[in-house]
Amino acid sequence: MERETVLLERWGHIGVIRLNRPDELNALDYPTLVRLGEVIEELQQDIKQTRVVLVTAAGKAFCAGADLKERRTLNEQQVRRNVRKIRDVFCALERLPQPTIAAINGYAFGGGFELALACDFRFAVREAKMGLTEVSLGIIPGAGGTQRLPRLIGPSKAKELILTARKITAEQAADYGILNGLANDAEQLREMSFSLAEEIIGNAPLAVYQAKYAIDRGYGTDLQSGLDLEANAYEVIIPTRDRREALEAFREKRKPVFLGE
């Protein structure tokens, strides 16, 4: 029986995407990218139940990037197909309404690092190493790395990492501002990731989604455009039942029960 290369697990309101090619260090071949896209689409359609998405992997690696064994067998047209697919899938992940957390349990190179960069938050075990190593292979980051990393840490530091193809430790990544936290082991990584997820889940989901939307769409625009985006996002929230529930809970001095409505 063929193994499922991407698993979708649900823990209450948390959806867990788990790359499942441990023997291949969770490298991304084309079928895996297709399956990952399907899982992301399923989560996008499940925003009422799944309120936070966690991305992690089986085995000792988070993701080693593109499957180079497959890449050696591809013609130029197929390479272009793969690059378009990985870019589209990671953009779909980035556009999910739900907050996304990368739990980096090991190596994250090339496309694997770009997968983590497409998430809203990143935690890693201390033993993890990561980097955008593409120029050492005669290519460039093609799944958003040249765009997301500079926006995260600034263009000069991003150029230093990308143009040297440098592999950095998790502690160095934290110093650069890439990570939200470091874990000593896999169990603590899970605890940190789930703790943040549960903290987010305690809030009104539609408000969380609109706040994320306003930040993502407004970042990089001028202030007035960002304020207009924020105003439009606020308008979406005004007629919701959850907003009224929060006011009633305040009046009754109890914890609100948010339904995502």
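Everything discussed here concerns the structure shown above.
Computed from a prediction, not measured in an experiment: that's the story for all the values here. Per-chain numbering applies: the sequence of each chain, read as written, is numbered from 1 onward. The predicted nature of this model means local features are confined to residues of pLDDT at least 70 and side-chain atom pairs, given and counted, to a pLDDT of 80 or more, with totals for whole chains, interfaces and linings taken over all residues. As a convention, hydrogens and water are excluded, and side-chain values are obtained from all of the structure's heavy atoms.

Q: Any details on the sheet that holds strand β1 (residues 6-11)? Residues and values, ideally.
A: Paired strands are those between which DSSP finds at least two bridges. A run of H or I in DSSP counts as a helix once it spans at least four residues, and a run of E counts as a strand once it spans at least two, with each numbered from the N terminus. With mixed pairing, the six strands of this open sheet are ordered in space as β1-β2-β3-β5-β7-β10. The sheet is open, and its two borders are formed by β1 and β10 (181-183), each paired with just one other strand. Here the strands of the sheet are splayed against their neighbours by 20 degrees on average, with no regard to which way each runs. Note that β1 and strand β2 (residues 14-19) share six bridges and pair antiparallel. Residue pairing for β2: V6 is matched across the bridge by L19. Against the sheet, helix α8 (residues 186-201) engages β1, β2, β3 (52-57), β5 (100-104), β7 (121-125) and β10, with an angle of about 160 degrees to β7. An axis is simply a line fitted to the C-alpha atoms; with a helix, the fit covers only the stretch in contact. Between two such axes, the angle follows the N-to-C directions and lies from 0 to 180 degrees. We call two residues contacting when some pair of their heavy atoms lies within 4.5 Å.

Q: Got a sec to walk through a nonpolar patch on the surface? Specific residues and values, please.
A: What makes a patch is a set of residues exposed beyond 30% relative accessible area and free of salt bridges, joined within 9 Å when like-charged and within 5 Å when nonpolar (Val, Leu, Ile, Met, Phe, Trp, Tyr). Note on areas: Shrake-Rupley, 1.4 Å probe, and residue coverage restricted to the protein chains presented here. The salt bridge definition used is simple: a Lys or Arg side-chain nitrogen within 4 Å of an Asp or Glu carboxyl oxygen. There is a patch of nonpolar side chains on the surface, built from L68, L137 and I139 and spanning about 260 Å² of accessible area. Mapped onto the elements, L68 comes out in helix α2 (residues 68-71). Each residue gets one of three labels from its accessible area relative to the maximum for its type: buried under 20%, exposed over 50%, partly exposed in between, using a 1.4 Å probe on protein chains only. For L68, a relative accessible area of 42% gives the class partly exposed.

Q: A description of the pairing of β3 should follow, citing residues and the corresponding values.
A: Most of β3 sits out of view: six of its six residues are buried. Residue alternation in β3 divides its side chains into two sets, V52, L54 and T56 and V53, V55 and A57, and both sets are buried. With six bridges connecting them, β2 and β3 associate as parallel partners. For I14, the partnering residue across the bridge sits in β3 and is V52. With the strands aimed away from the viewer, a crossover counts as right-handed if its path from the first strand over the helix to the second runs clockwise. Considered for its hand, the β-α-β crossover made up of β2, helix α1 (residues 30-44) and β3 is right-handed. Where β3 meets β5, three bridges bridge the pair, whose relative direction is parallel. Each residue of the ladder has a partner; that of L54, found in β5, is I101.

Q: Explain empty space enclosed by the protein to me, and be specific about the residues and the numbers.
A: The pocket and cavity definitions rest on a 1 Å grid over protein atoms only: a 1.4 Å probe that fits but cannot leave marks a cavity, an open set with protein on both sides within 12 Å along at least five of seven lines marks a pocket, and residues lining either have an atom within 4 Å of a point. Grid points are joined across faces, edges and corners, and a volume is the space filled by probe spheres set on the points. The tally for this structure, following the rule as stated, stands at one cavity of 30 Å³ or more. By volume, the largest cavity amounts to about 30 Å³. Lining of the largest cavity is provided by R51, V52, I200, I201, N203, P205, V208 and Y209. Those elements giving two or more residues to the lining of the largest cavity turn out to be α8 and α9 (205-218). The dominant element in the lining of the largest cavity, judged by the number of residues it contributes, is α9, at three residues. Across the lining of the largest cavity, the residue classes tally to six nonpolar, one polar and one charged. Ten residue types, Ala, Val, Leu, Ile, Met, Phe, Trp, Tyr, Cys and Pro, are classed as nonpolar, four, Asp, Glu, Lys and Arg, as charged, and the remainder, Gly among them, as polar.

Q: I'd like to hear about the layout of surface pockets, residue by residue, with values.
A: Over the atoms rolls a probe the size of a water molecule, and in doing so it shows where empty space is left. Of the pockets and cavities examined, the largest pocket occupies roughly 810 Å³. Taken together, 24 residues line the largest pocket, and the ones lying closest to its centre are E94, C119, D120, D216 and Y219. In terms of residues, the lining of the largest pocket owes the most to one element, α9, which gives five residues. Each residue belonging to the lining of the largest pocket can be placed in one class, and the counts come to twelve nonpolar, two polar and ten charged. By volume, the second largest pocket amounts to about 670 Å³. Forming the boundary of the second largest pocket are 30 residues, of which G65, A66, D67, L68 and R71 lie nearest the centre. For the lining of the second largest pocket, the secondary structure elements donating two or more residues are α2, α3 (76-94) and α4 (111-117). Its residues assigned to classes, the lining of the second largest pocket shows 15 nonpolar, six polar and nine charged.

Q: Describe the sheet that holds strand β9 (residues 168-169), listing the residues and the values that go with them.
A: Backbone-to-backbone hydrogen bonds join strands into a sheet, with any given pair of strands oriented parallel or antiparallel. Read from one edge to the other, the open sheet built from four strands follows the order β4-β6-β8-β9, with strand pairing classed as mixed. The sheet is open, and its two borders are formed by β4 (61-63) and β9, each paired with just one other strand. As defined by bridge partners, strand β6 (residues 107-109) adjoins strand β8 (residues 129-131) across two bridges and the pair is classed as parallel. Of the residues in β8, the one forming a bridge with F109 is G131.

Q: Which residues make up the environment of I40, and what values do they have?
A: With respect to the element layout, I40 can be found in helix α1. Along the backbone, I40 and A92 are 52 residues apart, and their C-alpha atoms lie at a distance of 7.0 Å. Setting aside its immediate chain neighbours within four residues, I40 contacts I17, V89, A92, L93 and L96.

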